[in-house]
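# Inside the fold
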Amino acid sequence: MRKSRFLISLFSAVLMVVFISSPTFADENEDASMIPTTGEPSIDPNYGEGTIEDSSFQLMANQYLSGGKGTISRSGTTVTVTANTTARTSVDVIGVRITLQKWDAQKKAWINLSNLGEYKSHGSTVVSGQQKVTVAKGRYRTSCFHWVQKGSKVESAYSISTFIEVK
């Protein structure tokens, strides 16, 4: 009985060590503090995305704003950030503001690295924008502010992409 309890305890301890010591994106020489503690890693190392549809409850409450998406992709040290916003019907103004964020391991937080522009369209149901930026090595994601205005009514939401690593 004592031997089986010991083996179960040993097996549990080994599993805990394995799960705790293998963080996402970790290199063998990488300090665990370098790994983002918030946000989701992308499954594809070259492409991340986030949508406002991920919080569909918020979308159901909107009369005009129907969707929005932000993506980030990389080729070498160049990242391409793309975003769009869609409306259910033509609105007075539809827009998206794109922000590139980088993980700061010392602050243990995502920092706004660069505002990559605000894109607007008038009397439309869709707007999109794209920017390319050369970056240093690190972990990046995009945070996009999506909004529509019809008369005096404004509806808005954020999308945050999964993060990618530039090596």
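Everything below is about the structure shown above.
The paragraphs below set out a description of the structure included in this document. (Residues numbered from 1 in each chain as written. Predicted model: local features only at pLDDT ≥ 70, side-chain atom pairs only at ≥ 80, totals over all residues. Heavy atoms only, no water.)

In this section: the overall build of the protein chain. Within the protein chain, the regular secondary structure consists of two helices and seven strands. The N-to-C order of helical and strand elements in the protein chain reads α-β-α-β-β-β-β-β-β. Buried residues in the protein chain amount to 38% of all 167 residues. At a minimum sequence separation of 6, the contacts of the protein chain that also span at least 24 residues come to 63%. For the protein chain, the accessible area works out to roughly 10000 Å², and carbon and sulfur atoms hold 55% of it. (Helix = DSSP H or I, 4+ residues; strand = E, 2+ residues; numbered from the N terminus. Buried < 20%, exposed > 50% of the residue type's maximum accessible area, 1.4 Å probe, protein only. Contact = heavy atoms within 4.5 Å. Areas by Shrake-Rupley, 256 points an atom, 1.4 Å probe, with all protein chains shown as cover.)

Further remarks concern the side chain of Gln 101. Following the sequence through the fold, Gln 101 ends up in strand 3 (residues 78-104). The buried category is assigned to Gln 101, whose relative accessible area is 9%. Reaching out from Gln 101, the side chain makes a polar contact with the side chain of Asn 112 at a distance of 2.9 Å. Among the polar contacts made by the side chain of Gln 101, one reaches the side chain of Arg 141 at a distance of 2.6 Å. Filtering out sequence-adjacent residues up to four positions away, Gln 101 remains in contact with Trp 110, Ile 111, Asn 112, Leu 113, Arg 139, Tyr 140, Arg 141 and Ser 143. (Polar contact = N/O pair within 3.5 Å; in protein donor to acceptor, adjacent residues only side chain to side chain.)

This structure, assessed with the given rule, holds five salt bridges. Across the pair Arg 97 and Glu 118 runs a salt bridge, and its minimum N-O distance is 3.4 Å. With a gap of 21 residues between them, Arg 97 in strand 3 and Glu 118 in strand 4 (residues 109-134) connect regions that are remote in the sequence. Its relative accessible area of 28% is what places Arg 97 among the partly exposed residues. Residue Glu 118 is classed as partly exposed on the basis of its relative accessible area of 37%. For Lys 153, the salt bridge goes to Glu 155, with nearest N and O atoms at 3.8 Å. The network of salt bridges with common partners includes Arg 97, Glu 118 and Lys 120. (Salt bridge = Lys/Arg side-chain N within 4 Å of Asp/Glu carboxyl O.)

Membership of the largest hydrophobic core comes to 23 residues, with the highest contact counts inside it found for Ile 72, Val 79, Ile 98, Leu 100 and Val 148. Among the elements of the structure, strand 2 (65-75), strand 3, strand 4, strand 5 (138-150) and strand 7 (164-166) are those that each provide at least two residues to this core. Ranked by the residues each element gives to this core, the list is headed by strand 3, at nine residues. In this view, Ile 98 contacts Val 81, Ala 83, Ser 114, Asn 115, Leu 116, Gly 117, Tyr 119, Gly 129, Gln 130, Thr 142, Ser 143 and Cys 144; residues no more than four positions away in its chain are not counted. (Core = buried A, V, L, I, M, F, W, Y, C linked by side-chain atoms within 4.5 Å.)

Everything listed here is a matter of geometry and, on its own, says nothing about what the molecule does.
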